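# Structural features, examined
For reference, the chains in residue letters:
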Amino acid sequence: MFSSLKVRNYRLFFMGQVVSNIGTWMQRIAQDWLVLSLTGSSAAVGITTALQFLPMLLFGLYGGVLVDRLRKRPTLLVTQSAMALTALALAVAVLTGHVQVWHVYVAAFAVGLATVVDNPARQSFVSELVGPRQLQNAVSLNSANFQSARLVGPAVAGILITGVGTGYAFLFNGLSFIAPLTGLLLMRARELHVVERAPRGKGQLREGVRYVTGRPELIWPIVLVGFVGTFAFNFPVYLSAFADDVFHAGAGAYSMFNTLMAVGSVAGALLAARRGTARLRLLIAAALVFGALEIVAATTPTLWMFALLMVPLGLFGMTVNVTTNTSIQMSTDPAMRGRVMALYMMVFLGGSPVGAPIVGWITDTYGARVGLAAGGAVAAVAAAVIGLILARVGNLRLSVGWHRGHPRVRFVPREQQEELAPAV
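Residues numbered from 1 in each chain as written. Predicted model: local features only at pLDDT ≥ 70, side-chain atom pairs only at ≥ 80, totals over all residues. Heavy atoms only, no water.

### Thoughts on the overall build of the protein
In terms of regular secondary structure, the protein is built from 17 helices and two strands. Relative to its 424 residues, the protein shows a buried fraction of 53%. Counting only contacts in the protein whose residues sit at least 6 apart along the sequence, the fraction spanning at least 24 positions is 83%. Accessible area of the protein: about 18300 Å², with a carbon and sulfur share of 66%. (Helix = DSSP H or I, 4+ residues; strand = E, 2+ residues; numbered from the N terminus. Buried < 20%, exposed > 50% of the residue type's maximum accessible area, 1.4 Å probe, protein only. Contact = heavy atoms within 4.5 Å. Areas by Shrake-Rupley, 256 points an atom, 1.4 Å probe, with all protein chains shown as cover.)

What follows is the structure, given as structure tokens:
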């Protein structure tokens, strides 16, 4: 489960991300709550989320082209420094009492701009740290790292927000970037796995798009996470609305929802680290269950029932995330990995500028329950449709039968099903 941590460079990267991810989660909670406090509007929270991910939607592919051309470690030193300065600037605005909602909008957009390059660089840098044999394990541990920080970050953010205000959460996040920057500087360049960088040339963006669209094992998982990320993963909108409008429980409940979801997410990431392969059928099944759980959560009558459902929601949501990430990286040529991961992150994260205002408007107009149920329905329907498409592309048919006394539903090759069919 933890085999890739034996690699020194990856261990430095992992430890730096532990500290930085805690700060990132603290800022996410503080940012959402600050906007809600300043405006009283779930739609404003959605706008903030949209502005943070809008650069990925607009410039994500160009970021991938840059990442394939540049050396990853110096690139990450620049992007991580930029995000640190943005967090510190927002901390100063809040702590001096001069913050306005447009300051948060600008900071969110600035972080989004840095993320355009930072995200594909970090995703593709993992293969240089551990090599192809340990790639799936390292990707899964990265997700476990990010979600483990989600256990600590929201809890600490909730204490800071209720105790001394949101400014100190932004300050902590800005200072937390010292850890990954130090880790990057201490890495041994000679121990990195050499990956061929793409030379400068025309048409590289189009080349990346053609590469993905010509491969069903890449394009359809990306389409699926596009639907899931756009409509079902807008938890800043959903959870803040449930905490404030449905259960009237305040910032403490909001941070608790995020913490419980992180418990499930860590479990999902660690289970993924133990698996030897990332199968597309697991992705489809996890997305179906994830969507169904959101619909169930939308109907729960009490705060505690809703809170407990955050655990399986986190588990299946993380299974969707890790399985997609790993299967895409394992199916991509190293020289194309930056562009492919940029397209994946552009669709997954960049869908939020489209989805967040929509689900924010639905939540404000029809209530948080309708908004969450609608997001879950979109995820479930998308998973079912894309599962059927992948089965058709792979020449598979649905097989229903019994195995060791239990019913079993699976996809099998058409030829195999025909061989198993009884003669008439």
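Having seen the model, we can carry on.
### Observations concerning the nonpolar core
Val 212, Leu 224, Leu 239, Phe 257, Phe 306 and Tyr 344 are the most contacted members of the largest nonpolar core, which has 82 residues in total. Looking at which element gives the most residues to this core, the answer is helix H1 (residues 8-39), with nine residues. Here this core gathers at least three residues from each of two domains, domain 1 (1-192) and domain 2 (203-395). Non-local contacts of Leu 224, meaning those with residues more than four positions away in its chain, are made with Leu 283, Ile 284, Ala 287, Ala 382, Ala 383 and Ile 386. Of all hydrophobic cores here, the second largest spans 20 residues; its members include Leu 12, Phe 13, Ala 121 and Val 126. (Core = buried A, V, L, I, M, F, W, Y, C linked by side-chain atoms within 4.5 Å. Domains from an automatic or database assignment.)

### Here's the deal with the packing of aromatic side chains
Under the counting rule described, the total for this entry stands at 14 aromatic pairs. Ring geometry for Phe 13 against Phe 125: centres 6.0 Å apart, planes inclined by 70°, an arrangement best described as edge-to-face. One end of the pair, Phe 13, is in helix H1; the other, Phe 125, is in helix H4 (residues 101-130), and 112 residues separate them in sequence. Looking at Phe 13, the relative accessible area reads 6%, which means it is buried. With relative accessibility at 0%, the residue Phe 125 sits in the buried group. On the basis of an interplanar angle of 25° and a centroid distance of 5.1 Å, the ring pair of Phe 233 and Phe 290 is categorised as stacked. (Phe/Tyr/Trp six-rings, centres within 6.5 Å; stacked < 30°, edge-to-face > 60°.)

### Some words on the environment of Ile 222
With respect to the helices and strands, Ile 222 occurs in helix H9 (residues 216-232). Of the residues examined, Ile 222 reaches a relative accessible area of 2% and is grouped as buried. Residues contacting Ile 222, with those up to four places away along its chain left out, are Val 212, Ile 328, Leu 343, Tyr 344 and Val 347.

### Some words on the packing of H9 against helix H13 (residues 303-330)
Two numbers describe how H9 lies on H13: the axes approach to 10 Å, and their chain directions differ by 155°. Judged by the inter-axis angle, H9 sits roughly antiparallel to H13. Considering the relative orientation of H9 and H13, their crossing is left-handed. Within the contact between the two elements, H9 uses Leu 218, Pro 221, Ile 222 and Val 225 and H13 uses Val 320, Thr 324 and Ile 328. Classifying every residue of the contact of H9 with H13 by side-chain character gives six nonpolar, one polar and no charged. (Axes fitted to C-alpha atoms, helices over the stretch in contact; angles between N-to-C directions. Parallel < 35°, antiparallel > 145°, perpendicular 65-115°, else oblique. Left-handed = near helix turned anticlockwise from the far one by under 90°. Nonpolar A, V, L, I, M, F, W, Y, C, P; charged D, E, K, R; others polar.)

### Considerations on the pattern of salt bridges
Applying the stated criterion to the full structure yields four salt bridges. Among the ionic pairs, Glu 128 bridges to Lys 72, the shortest N-O distance being 3.5 Å. A residue pair is termed long-range when its members are at least 10 positions apart, and Glu 128 in helix H4 and Lys 72 in helix H3 (residues 72-95) qualify at 56 residues. Lys 72 gets classed as buried once you look at its relative accessible area, which sits at 7%. (Salt bridge = Lys/Arg side-chain N within 4 Å of Asp/Glu carboxyl O.)

### Examining helix H8 (residues 204-213)
Taken as a whole, H8 has its buried residues at Gln 204, Gly 208, Tyr 211 and Val 212. The arc enclosing the buried residues of H8, seen along the axis, measures out at 95°, which places them on a common side. Exposed positions of H8 whose direction lies more than 90 degrees from the buried face are Arg 206 and Arg 210. (Arc of directions from axis to C-beta.)

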